[in-house]
Amino acid sequence: MSSFVDFQNEIYLSGLAGKVPSLPITAAGLQERAREVLEPAAFNYVAGSASAERTAHSNLVAFEKYRLLPRMLRGASAPGARDLSVDVLGTHLAAPILTAPIGVLGLLHERGETVVADVTRELGIGMVLSTAASSTIEEVGERAGDWWYQLYWPNDMELARSFVERAEKSGAKAIVVTVDTPALGWRPRDLELGHLPFLHGQGIANYLSDPVFRAKLAAPPEESEDAMRAAILTWVGTFGNHGLRPADIHRLRDWTELPIAVKGVLHPDDARQCVDAGADAVIVSNHGGRQVDGSVAALDALPTIVATVGDRADVLFDSGIRTGSDVMIALSLGAKAVLYGRPWAYGLGLAGADGVRHALRCILADFDAAMGLSGCTGVSDLSRTMLSSYR
Ligand SMILES: Cc1cc2nc3c(=O)[nH]c(=O)nc-3n(C[C@H](O)[C@H](O)[C@H](O)COP(=O)(O)O)c2cc1C
């Protein structure tokens, strides 16, 4: 049974003892505090999106089109009445929330990904580990509870396969292939600072620790500054794969027994192709608006994709989740679970594990409270009938 909403009592009781939370409660508040406190290069790397950032904005505004229609007199708000857990791709989660894969967490905290592994495990929710991490797959696998591995498919098949094998061996429960990033989007905030963390050797731990990648290098990167520079240049030539096709999803199906989710899908035909090629799930996402500015808000793409492949695959949602009600709306439109992105990353930068815990407990409590107050005892109560615009 869920007790995420207990965080509310905890905060009020601390208030009674004269203590107020040291971090803001809302996602917008966390972002504002991060803007004030973090190094500009780190803050802007997280906050920035592509071009004029219209799509990043649209991701949030899209939720305005829907209004929940709460039900009363159902006893759902009673203590212990709710079970928010969900099984998705064979993973049992205490709530339908996973942390989105966010690369280069070392910019925000020296143990970034392992902190997220610890906190998500403690809360019973999922973690999706980025390929572009500052910690290795193995380091995260040792600590994480239920975690999935996000693959940035490099332009070297053997390296891609090695990443997948390492993840499987380290205990990942699914592979998430991100298909919207064969190259980085045009991101003015980073461009204005001339800042790309990878060129400083950040976010490439999984490459530097990989035997296939290391075999490409003339000298081990630890040996000298020149060797590290050469390794970074090798990374530059390896990162993106412009040639990825549905057949590669099929190929991945042969490489691993794990469930496969394709992340970054917006068009229903692409979703169909991925499922035809063997994907078990698609994640409707526009990468938080970081890739194609002016592209559709992720939430606006969700209903059509659910209608197209929802009977054959799980559909997950990402890009723009900021509140518990947002989670309810995405699930009411047919998503099985959501990926939660930037707000916990700000928490990580502001206060390490405490900050990630705070940000995640806030959205979990908000979701739990909103579910109970809407008469929902579990995620199976969420369907289009919960949305006023569909009645
Ligand atoms: C700083 C940053 C780094 C990211 N790195 C990755 C990544 O390595 N792999 C990936 O699939 N998505 C990455 N994403 C996209 C997120 O997984 C997710 O799609 C996005 O954060 C959702 O938007 P939102 O945070 O505004 O809700 C990144 C996003 C941010 C903000």
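Values in this document were obtained by computation on a predicted structure and should not be read as measured data.

A. Summary view of the packing of helix α5 (residues 112–123) against helix α16 (residues 342–373). Packing of α5 against α16 leaves a shortest axis separation of 10 Å and a crossing angle of 20 degrees. Here α5 is positioned roughly parallel relative to α16, judged by the angle of their axes. For the crossing formed where α5 meets α16, the hand is right-handed. Within the contact between the two elements, α5 uses Gly 112, Val 115, Val 116, Val 119, Thr 120, Glu 122 and Leu 123 and α16 uses Trp 344, Leu 348, Gly 352, Ala 353, Val 356, Arg 357, Leu 360, Arg 361 and Leu 364. Split into classes, the residues belonging to the contact of α5 with α16 amount to ten nonpolar, three polar and three charged.

B. Just the packing of helix α2 (residues 27–37) against α16, in detail. Following both chains from N to C, one finds α2 and α16 inclined at 105 degrees, their axes separated by 8 Å at the closest point. As judged from the angle between their axes, α2 and α16 are roughly perpendicular. Across the interface between the two elements, Ala 27, Leu 30, Gln 31, Arg 33, Ala 34 and Val 37 from α2 touch Pro 343, Tyr 346, Leu 350, His 358 and Ala 359 from α16. For the contact of α2 with α16, the residue count by class is eight nonpolar, two polar and one charged.

C. Structural view of the pairing of strand β7 (residues 260–265). Burial runs high along β7: six of the six residues are buried. With four bridges connecting them, strand β6 (residues 175–178) and β7 associate as parallel partners. Its bridge partner being in β7, Val 177 is matched across the sheet by Val 262. In this structure, β7 lies alongside strand β8 (residues 281–284), joined through four bridges in parallel fashion. Looking at the pairing, Val 262 lines up with Val 282 of β8. Handedness of the β7-helix α13 (residues 268–276)-β8 crossover: right-handed.

How each quantity is defined
Residues numbered from 1 in each chain as written. Predicted model: local features only at pLDDT ≥ 70, side-chain atom pairs only at ≥ 80, totals over all residues. Heavy atoms only, no water. Axes fitted to C-alpha atoms, helices over the stretch in contact; angles between N-to-C directions. Helix = DSSP H or I, 4+ residues; strand = E, 2+ residues; numbered from the N terminus. Parallel < 35°, antiparallel > 145°, perpendicular 65-115°, else oblique. Left-handed = near helix turned anticlockwise from the far one by under 90°. Contact = heavy atoms within 4.5 Å. Nonpolar A, V, L, I, M, F, W, Y, C, P; charged D, E, K, R; others polar. Buried < 20%, exposed > 50% of the residue type's maximum accessible area, 1.4 Å probe, protein only. Pairing = 2+ DSSP bridges. Right-handed = clockwise from strand over helix to strand, strands pointing away.

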